[in-house]
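Structural characterization, general
Read off the chains here:
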Amino acid sequence: MIKGLALLATCFLLGMWCGAILGTWLGIDANVGGVGFAMVFLLLSKEYLTSKGWWNGEFGFGLEFWNKLYIPIVIAMAASLNVKSALSSGVLALLAGTFPVLLAFGVVKILLKQVNPEK
Amino acid sequence: MKELEVILDKNGLIVAFLFVGILTWATDVFSKKALNGRIPGSALAIGLALVLGYLGGVLAEGEQGLADLSYLKGLSTLGGSMFRDFAIVATATGASFVLIRKSGLLGLVSLTLGIGLFFGFGVAIGWIMGYRDAVSLCTIGAGACTYIVGPVTGGAIGASSEVIALSIGTGVVKTIAVTILTPIMAKWIGLNSPAAAMSYGGIMGTSSGVAAGLAATDPALVPYGAVTATFYTGLGCLVCPSLFYLILSTLLG
């Protein structure tokens with residue numbers, strides 16, 4: 001269990017580091033794609049360990065636990081969002097926050113139609 | 001009773017596990033018994049959590065929803081960005097690297113489209129509501145991207161604190177809108193494959209909204225949406241105060 005967790009932690013920290021370096025490199029105070037880099041590191045190290053025959057249930061369980069904890073974390077996140085101030089920050093925030101989202105769903109639909117014309 | 005209060009107060013994160021567990025169990029039962037599973041339990045739980053977050057904000061008058069109630073302060077740890085990002089990375093074990101690489105170009109196109117679209121409409125709505133200066137319009141447009149891009153941009157180009165607060169509000173409304181609307185719109189837009197999730201993540205961008213929306217739609221798609229959404233805020237912070245601001249101030253003379 002702890003081996004998988006340590007592997008996840010390694011990939012997470014390395015990925016966040018890359019995101020922070022990329023942010024500094026671009027001259028902005030933000031993490032650029034840290035989660036994405038970490039995911040790629042995890043996928044690559046899983047492939048490497050599997051090809052060496054070192055991957056086993058020990059690793060899998062530590063990762064699976066956090067994978068499953070993901071939805072509860074999202075629930076906790078939703079409960080700790082500042083919903084009240086978002087709803088009371090005025091008509092402009094409500095319009096500028098929802099209207100483009102509705103349009104964006106339309107854009108996703110059109111884009112996916114372009115990519116998969118058979119559907 | 002005093003002992004219990006001390007225990008609850010000292011072990012916030014554990015109380016949060018208990019709270020989320022009870023909420024999930026209750027919504028699962030409700031989904032199966034009352035709705036015949038038509039709305040997934042996780043979608044109900046996320047929606048209910050938003051309502052509770054609103055009530056928490058009203059009761060405690062803070063900025064962290066339900067986590068402002070002192071016994072539930074652990075919710076902000078469990079739902080904070082550290083655990084959220086850690087768990088998103090863990091979902092990658094169910095993803096295929098080959099599929100991500102295959103859809104890389106689609107993801108890039110979606111990211112560019114998404115930031116441009118949200119910024120453009122944010123600026124347009126700001127204009128309609130009476131803002132005319134490039135700094136305020138740019139900050140509102142950036143807020144329409146995510147609630148991080150808004151204040152970062154506003155700070156960089158010197159917007160007033162009122163406009164920065166407005167841009168944060170806009171970004172949080174966006175996160176909530178994406179969370180609620182994704183499971184409703186998923187079928188209509190064809191959100192049913194890894195490639196679709198990657199372009200959806202790139203266009204919507206808000207990591208929290210994309211994460212919550214996909215969790216309520218199909219948890220297997222979460223890593224694909226997250227892998228593109230994670231670049232959105234950084235890219236937004238890069239282009240909004242520079243390129244987009246220059247374009248806006250040129251257009252407005």
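Quick caveat: nothing in here was measured; it's all calculated off a predicted structure.

1. Points about the packing of aromatic side chains
- Scanning all chains against the criterion turns up nine aromatic pairs over all chains.
- Judged by centre distance (5.8 Å) and plane angle (75°), the ring pair of A:F37 and B:F231 falls under edge-to-face. You can see A:F37 sitting in helix α2 (residues 34-52) and its partner B:F231 sitting in helix α13 (residues 222-251), one on each of two chains.
- Plain terms: the ring middles of A:W66 and B:F83 are 5.5 Å apart, the flat faces sit at 50° to each other, and that makes the pair tilted. Residue A:W66 is found in helix α3 (residues 57-79), and its partner B:F83 is found in helix α5 (residues 81-91); the two belong to separate chains.
- Take A:W66: its relative accessible area is 11%, and that puts it in the buried class.
- Exposure remark for B:F83: the relative accessible area of 17% places this residue in the buried category.
- Between B:R132 and the ring centre of B:W127, over which it is positioned, the NZ or CZ distance is 3.9 Å.
- Here B:K174 stacks its cationic end above the ring of B:F118, 3.6 Å away from the centre of that ring.

2. Overview of the side chain of B:T182
- Within the secondary structure layout, B:T182 lies in helix α10 (residues 161-189).
- Apart from the residues within four sequence positions on either side, B:T182 is in contact with A:F105, B:L191, B:Y200, B:G213, B:L214 and B:T217.

3. Quick word on the confidence of the model for chain B
All names here are of chain B.
- Of the residues in chain B, 99% reach a pLDDT of 70 or more, and the chain-wide mean stands at 87.
- Mean pLDDT across the elements of chain B bottoms out in helix α6 (residues 97-102) (78) and peaks in helix α8 (residues 134-145) (93).
- Both confidence scores are given for the complex: pTM 0.79, ipTM 0.86.

4. Thoughts on the nonpolar core
- Counting 119 residues, the largest nonpolar core has A:W66, A:Y70, B:L75 and B:Y200 as its most contacted members.
- It is α3(A) that provides the largest number of residues to this core, a total of 13 residues.
- Once residues within four sequence positions are removed from consideration, A:Y70 is found in contact with B:A87, B:I88, B:T91, B:A211, B:A212, B:A215 and B:V222.

5. Details of the side chain of B:T27
Residues and elements named next belong to chain B.
- Relative to the elements of secondary structure, T27 occurs in helix α2 (residues 12-35).
- Relative accessible area serves as the criterion here: at 6%, T27 is assigned to the buried category.
- Polar side-chain contacts of T27 include one of 3.0 Å to the backbone oxygen of T24.
- Sequence-distant contacts of T27, that is, excluding residues within four places in its chain, are made with G41, L44, A45 and L48.

6. Some thoughts on the packing of α3(A) against α2(B)
- One way to put it is that α3(A) packs onto α2(B) with a least axis distance of 10 Å and a crossing angle of 100°. For the element pair α3(A) / α2(B), the angle class is roughly perpendicular. Between α3(A), through A:P72, A:I75 and A:A76, and α2(B), the contact on the second element is made entirely by B:V20, B:L23 and B:T24.
- In the contact of α3(A) with α2(B), the residues fall into five nonpolar, one polar and no charged.

What counts and what doesn't
- Residues numbered from 1 in each chain as written.
- Chains lettered and ligands numbered in written order.
- Predicted model: local features only at pLDDT ≥ 70, side-chain atom pairs only at ≥ 80, totals over all residues.
- Heavy atoms only, no water.
- Phe/Tyr/Trp six-rings, centres within 6.5 Å; stacked < 30°, edge-to-face > 60°.
- Helix = DSSP H or I, 4+ residues; strand = E, 2+ residues; numbered from the N terminus.
- Buried < 20%, exposed > 50% of the residue type's maximum accessible area, 1.4 Å probe, protein only.
- Lys NZ or Arg CZ within 6 Å of the ring centre and 35° of its normal.
- Contact = heavy atoms within 4.5 Å.
- pLDDT = per-residue confidence, 0-100.
- Core = buried A, V, L, I, M, F, W, Y, C linked by side-chain atoms within 4.5 Å.
- Polar contact = N/O pair within 3.5 Å; in protein donor to acceptor, adjacent residues only side chain to side chain.
- Axes fitted to C-alpha atoms, helices over the stretch in contact; angles between N-to-C directions.
- Parallel < 35°, antiparallel > 145°, perpendicular 65-115°, else oblique.
- Nonpolar A, V, L, I, M, F, W, Y, C, P; charged D, E, K, R; others polar.

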